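# Notes for the structure review
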Amino acid sequence: MFYQPSLFGSDEPSFDSLFLSASRSELSGSSWIEYAPGWLSGGDSLFDDLMDRLDFRQRTGIPMYDRLVDEPRLTSWWSETESDEMALPALADIRWMLADRYDRHFDSIGFNLYRDQNDSVAWHADRHRTCVTDAVVAILSVGESRPFRMRRNRELEYGKGVGASLTWGLGHGDLLVMGGACQHEWQHCVPKRRRAAGPRLSITFRHDVR
Ligand SMILES: O=C(O)CCC(=O)C(=O)O
């Protein structure tokens, strides 16, 4: 069954409130991933709406090996403490739906715009692991499909050899949720792509961000 928020016209975004396509994978350690392909439909109008409303910027001075570089993507940020809920009306129902399913109060949303195949984010784990032990991070992807990769955290694996990485192809309307100890035991990245790619927006819901 698809629930339809009342914001848009005929192709308004709707999401699978029963999470029928969701499947959970237990990862080694005490981490898990839930992946719901096609969770959102009407992603085109959501993409357009967010592009109109958000201000994106490029972070600079990001350490990369022995250099400081410009981050190869654009970002924007919404937080409950600093912004009005109605600044992003299309996401209000989605935020509450995720809160209900994952039992977390998602108080901030990060937006990452990968303009083309050359934009990417390097291997990392989310920084708010320093204040939350069992973080749930929900990523809703709209626009071009990009691979989302995960590998065991290299610091934990030191001396044990390099394990294989796991890959999900995150397409238009797909939802991927990381939970348990993912931000401690695992790292994730979105690599550059060789093949030409149009824009992709990842909408990343986090809780207890301080
Ligand atoms: O764009 C994505 O799917 C991942 C985003 C991410 O890992 C981050 O911003 O920390």
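The structure we're discussing is the one just above.
Calculation rules
Residues numbered from 1 in each chain as written. Predicted model: local features only at pLDDT ≥ 70, side-chain atom pairs only at ≥ 80, totals over all residues. Helix = DSSP H or I, 4+ residues; strand = E, 2+ residues; numbered from the N terminus. Rg over C-alpha atoms; globule rule 2.2 N^0.38 Å. Buried ≥ 20, exposed ≤ 12 C-beta atoms within 10 Å, placed from the backbone. Contact = placed C-beta atoms within 7 Å. Near = placed C-beta within 6 Å. Nonpolar A, V, L, I, M, F, W, Y, C, P; charged D, E, K, R; others polar. Pairing = 2+ DSSP bridges. Axes fitted to C-alpha atoms, helices over the stretch in contact; angles between N-to-C directions. Expected span 1.5 Å × (residues − 1). Arc of directions from axis to C-beta.

## As for the overall build of the protein
- Regarding its fold elements, the protein presents 3 helices and 16 strands.
- Relative to its length of 210 residues, the protein is compact, with a C-alpha radius of gyration of 17 Å against a globular reference of 17 Å.
- Expressed as lengths along the three principal axes of its C-alpha atoms, the size of the protein is roughly 55 × 35 × 35 Å.
- Taking all 210 residues of the protein together, 28% fall into the buried category.
- Long-range pairs, those at least 24 residues apart, make up 75% of the contacts in the protein with a sequence separation of at least 6.

## Observations regarding the site of the ligand
- In the vicinity of the ligand, the contacting residues are Gly110, Asn112, Val121, Asp126, Ile139, Phe148, His188, Val190, Ser202 and Thr204.
- For the shell around the ligand, the secondary-structure elements that each account for two or more residues are strand E9 (106-114), strand E15 (186-190) and strand E16 (200-207).
- In terms of residue class, the shell around the ligand is made up of 4 nonpolar, 5 polar and 1 charged.

## Quick notes on the sheet that holds strand E3 (residues 23-27)
- If you trace the 7 strands from one edge of the open sheet to the other, you get E3-E4-E14-E11-E16-E9-E8, paired in antiparallel fashion. Every interior strand has two partners, whereas the edge strands, E3 and strand E8 (74-79), have only one. Pairwise comparison of adjacent strand axes, ignoring direction, gives a mean angle of 15 degrees for this sheet.
- For strand E11 (residues 137-143) and strand E14 (residues 174-180), the ladder comprises 5 bridges, and the chain directions are antiparallel.

## Observations regarding the pairing of E15
- Counting buried positions along E15 gives 4 out of 5 residues, so the element sits mostly inside the fold.
- Inspection of the sheet shows strand E10 (residues 121-124) paired to E15 by 2 bridges, in the antiparallel sense. Note that in E15 the partner of histidine 124 across the bridge is histidine 188.
- Relative to E15, strand E12 (residues 146-152) runs antiparallel, the two being bridged by 4 bridges. Looking at the pairing, arginine 152 lines up with tryptophan 186 of E15.

## With respect to helix H2 (residues 89-102)
- End to end, H2 covers 21 Å across 14 residues, agreeing with the expected 20 Å (1.5 Å per residue, within 8%).
- Within H2, the full set of buried residues consists of Leu91, Ile94, Arg95 and Leu98. All buried residues of H2 lie within an arc of 105 degrees about the axis, which places them on one face of the element. Of the residues in H2, the exposed ones pointing more than 90 degrees away from the buried face are Trp96 and Asp100.
- A positive backbone phi angle near 55 degrees is found at aspartate 103, which sits one or two residues after H2.

## Observations concerning the sheet that holds E10
- The 4 strands lie next to each other as E10-E15-E12-E13, forming an open sheet whose pairing is antiparallel. What marks the edges here is a single partner per strand, and that holds for E10 and strand E13 (166-170). On average, adjacent strands in this sheet sit at an angle of 15 degrees to one another, irrespective of strand direction.

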